[in-house]
Structures are given as C-alpha cells and as structure tokens.
Amino acid sequence: MSLQCGIVGLPNVGKSTLFNCLSSAKAQSANFPFCTIEPNVGVITVPDERLIKLGELCKPERGVIPTTVEIVDIAGLVKGASKGEGLGNKFLANIRETDAIIHVLRCFDDDNVVHVDGTVDPVRDKEIIDAELQLKDLETVEARIQKTEKQAKAGGDKQAKLLLDILFRYRDALSQGKSARTIELYNKEEEAAAKDLFLLTNKPVMYVCNVDEDSAVNGNKYVDAVREAVKDENAQVLVLAAKTEAEIAELDTYEERQMFLEEIGLKESGVNRLIKAAYALLRLRTFLTAGSDEVRAWTFREGMKAPQCAGVIHTDFERGFIRAEVIKYDDYITLGGEAACRAAGKLGIEGKDYLVQDGDIMHFLFNV
C-alpha cells in the first residue's frame, strides 16, 4: 500500500537528520540550504509491540514480519517557492505526490547551525511554508473556478454546481491565509469532489518540533508558541530532539538505546513515536496473521472491509472470499493462542460486510 508521508520544512531545521534516523538510506546532511535536492524515500518499519508478544507465543519458523510506511525527505522550501524561487517548483511537485505532511520546525538555539532567515522563530517558519502552499492552492482553485463556472452555467451540471460551491469556500479561506483543511465538508459527495482537487493544504499534517536534548521531554518556549499557533488546525504536535535521536540510532543494542532514553527521561524514542504517528496520519491500520510458520503485520486503510483486507495478502483472497475468522488480539494473548480461543468461543466468523479493526488477528477462507 504505497502511501507516503513527506517531510517538509525550511532549510536547516533538521529534516535530513531526522530522515537519517528514520531510514537506513542516508540522506546528505549539511549546514547549508538545498543539500537535499532529489527526494529521498525511506521504507520504514512500523514499531508494533503486539508482534513481539505474538512471536513469543507462536515461535514462528520464518520469524516475525512487521509492516512498513514510506517517508519522503523533500528539499527545503524558501519564501517565493510558489513563484518558482529556490527549488520551489520541484518542492511543490514532490509534496503534491505525498499523502500527508510531516512539517519539521526548528525549536532550538544553536549558533553553529545557520537559520535561513537569521533568527529562530518556528511560528514564522510555519507561516512561510503555509503561505507558499496556500498561494499555490489559490492558483489551482482560481483556475478551476473559471472552468467549473462555464460547466455549471452551460448545462446545469449538478456536480459542477456542487464543486463550484466547494471552490468558492476554498477561495475565501485561502484568500484569508487559511489552509484548505480548515474548511468543513458536509457529506461524502463533497469529500470526493474536494479530494479530486489535490490541494496541497488539504493534506493531513503533523508538526514536529525539533528541540535540543534538554527540551526533549517537556518542550520549551518555542514548542509552546507552536502549540498555540496550531490549536485551531486539528493537527498533532510531536516533540523530539533529532540530534539526540541520531546519537541513539548509532548505539548497537536495544538495551543501550533504552538506557540512553531513560537517562534523558523518555520511555520511547522520538523516532518510534513519529513513525507510529505518521502511520496513523495516513489513516493506516494493522491486521495480523499468526501461526507456527510466521507472525505478520499487514497494512490496511481505515474503513476497509474483510474482502478488501484479504486482497492485501493476495488478490485471489479477495476475488474468492468466502469468510474471515477473526480473533481479537487481547483474547489471543490472554487465552494463549488460536486453539484456546476456538474452545472458548472467542473466534468470530465474519462475512463480506465486516469492518476490520486495528489489531484483528485474521484467517481468510477463499475459493477461486
């Protein structure tokens, strides 16, 4: 399921350092703008503690296979990108291809790392990128209004009239410096029409405050300012110290990494928290298969039904779907496996309309 989160931000805010922590693919990291020109794509393993417990219980011959999410490191953006300044056109094209945005903001002071605008101000930095994306979206909306108005007037096209109403609402918001995601859509028809516009500011966003090590647990004044600035955006704010995460990533063993985290007051690395949050930002969920051969996590989109999830494993499973056997993860662990769940009546038989839930342990029956 090739959905991607794009890491964006101004130059020198820590995007590539963070990407390097996330991925074994090493993006160039340097103290000058535009060191990342082509987007680097990392296929990142999604941490899932449930797999560890299932592996201990099932002892699978082929081992435990986690699911993944794709993260893209995109070139730094500067003021004027919507008009082609810097690497603006390339940046905007790259971000348009992603499904969600991880917006990295510099929330640390360091005289050795230059800021493209001279001073540290994460709210200003956020607004610079927001403004460039909004201006580009405004161009898209204005052009689409001209085309759609003709369709609505010429043939009384109901779909065109629906789209035109949405476009006017977007234009009003964007003209006021608001992102498209702040506009409420009233039904699935409107959601479908809006999705087809591919607006940059309609993508779900998470703000990552890149702080110094001392601020990794409780944040700082810059983080507080970001939280206040985005309080009406329905966006998540995540705090981590990318430089510290890079040091943790260099440690050889899990035990060493955990000891380091405990010393600075963290239970889990910022990278792990970020990967999980990015996965959720894309509205991705996980179902599981468990047995003596392998334990495996499978990615599905929130709202998918059993036959579609069967198709994630193999298209034949969906085409010839008969039914699904479902065990809830907690029951599987508490009772000690599939056989015990069957005996206790904790194995459910589900048909084509079953909405798969995160953590469901699935077995599909099919015939082709």
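Please refer to the structure higher up on the page.
So, how was this worked out
Residues numbered from 1 in each chain as written. Predicted model: local features only at pLDDT ≥ 70, side-chain atom pairs only at ≥ 80, totals over all residues. Heavy atoms only, no water. Buried < 20%, exposed > 50% of the residue type's maximum accessible area, 1.4 Å probe, protein only. Helix = DSSP H or I, 4+ residues; strand = E, 2+ residues; numbered from the N terminus. Pairing = 2+ DSSP bridges. Phe/Tyr/Trp six-rings, centres within 6.5 Å; stacked < 30°, edge-to-face > 60°. Lys NZ or Arg CZ within 6 Å of the ring centre and 35° of its normal. Axes fitted to C-alpha atoms, helices over the stretch in contact; angles between N-to-C directions. Polar contact = N/O pair within 3.5 Å; in protein donor to acceptor, adjacent residues only side chain to side chain. Contact = heavy atoms within 4.5 Å. Parallel < 35°, antiparallel > 145°, perpendicular 65-115°, else oblique. Left-handed = near helix turned anticlockwise from the far one by under 90°. Nonpolar A, V, L, I, M, F, W, Y, C, P; charged D, E, K, R; others polar. Salt bridge = Lys/Arg side-chain N within 4 Å of Asp/Glu carboxyl O.

Visitor: Just checking my understanding: could you explain the pairing of strand E8 (residues 284-290) for this structure?
Guide: For a regular strand, the rule is simple: side chains alternate between the two faces of the sheet. Counting buried residues in E8 gives six out of seven residues, a clear majority hidden from the surface. Bridge count for E8 against strand E9 (residues 295-301) is seven bridges, and the pairing is antiparallel. Note on E9: the bridge partner recorded for Leu 288 is Ala 297. Counting the residues between successive antiparallel strands, the hairpin from E8 to E9 contains four residues.

Visitor: What is the right way to look at the packing of aromatic side chains in this model?
Guide: Any pair of aromatic rings gets described here by the distance separating the centres and the angle formed by the planes. Scanning the entire structure with this criterion turns up five aromatic pairs. With a centroid separation of 6.0 Å and an interplanar angle of 45 degrees, the aromatic rings of Phe 287 and Phe 300 are classed as tilted. Here the residue Phe 287 occupies a position in strand E8, and Phe 300 occupies one in strand E9, the gap between them amounting to 13 residues. Its end group placed over the ring of Trp 298, Arg 296 keeps NZ or CZ at 4.1 Å from the ring centre.

Visitor: Please explain the sheet that holds strand E4 (residues 68-73) as it appears in this structure.
Guide: The strand order across the open sheet built from six strands is E2-E4-E1-E5-E6-E7, with neighbouring strands paired in mixed fashion. Here the strands that pair on one side only, and so sit at the sheet edges, are strand E2 (40-45) and strand E7 (236-240). Taken pair by pair, the neighbouring strands of this sheet meet at an average axis angle of 25 degrees, ignoring direction. With four bridges connecting them, strand E1 (residues 4-8) and E4 associate as parallel partners. If you follow Cys 5 over to E4, its bridge partner there is Ile 71.

Visitor: When you look at the pairing of E9 in this model, what are you seeing that I'm missing?
Guide: Burial runs high along E9: five of the seven residues are buried. Relative to E9, strand E3 (residues 64-65) runs parallel, the two sharing two bridges. Its bridge partner lying in E9, Ile 65 is registered against Arg 296.

Visitor: How do you make sense of the side chain of Thr 67 when you look at a structure like this?
Guide: Examined against the element boundaries, Thr 67 turns out to sit in the loop between E3 and E4. For Thr 67, the side chain forms a polar contact with the side chain of Thr 299, separated by 2.3 Å. Ignoring anything within four residues of it in the chain, the contact list for Thr 67 reads Ile 44, Thr 45, Val 46, Tyr 279, Thr 286, Ala 297, Trp 298 and Thr 299.

Visitor: Can you walk me through the packing of helix H1 (residues 15-22) against helix H8 (residues 242-250) in this structure?
Guide: Packed helix pairs are characterised by how far apart their axes lie and by the angle those axes make with each other. It is at 9 Å that the axes of H1 and H8 come closest, and there the two elements cross at 30 degrees. Here H8 runs roughly parallel to H1, going by the angle between their axes. Considering how the two elements wind past one another, H1 and H8 form a crossing that is left-handed. Of the residues in H8, those in contact with Thr 17, Leu 18 and Cys 21 of H1 are Ala 242, Lys 243, Glu 245 and Ala 246. Residues that form the contact of H1 with H8 fall into these classes: four nonpolar, one polar and two charged.

Visitor: Can you help me understand the pattern of salt bridges in this one?
Guide: When the charged atoms of two side chains with opposite charge come close together, those side chains can pair. Inspection of every chain in the model, using the stated rule, returns 20 salt bridges. Its salt-bridge partner being Glu 302, residue Arg 283 comes within 3.0 Å of it at the nearest N-O pair. Here Arg 283 is found in the loop between helix H10 (270-281) and E8, whereas its partner Glu 302 is found in the loop between E9 and helix H11 (306-313), with 19 residues between them in sequence. Of the residues examined, Arg 283 reaches a relative accessible area of 42% and is grouped as partly exposed. Given the relative accessible area of 35%, Glu 302 is considered partly exposed. With a closest N to O distance of 3.7 Å, Asp 353 and Lys 305 form a salt bridge. Placement of Asp 353 in the loop between strand E11 (347-350) and strand E12 (361-366) and of Lys 305 in the loop between E9 and H11 is noted, with a sequence separation of 48 residues between them. Judged by its relative accessible area of 62%, Asp 353 falls in the exposed class. Judged by its relative accessible area of 33%, Lys 305 is partly exposed. Residues joined in a network through salt bridges with shared partners are Asp 48, Arg 50 and Asp 358.

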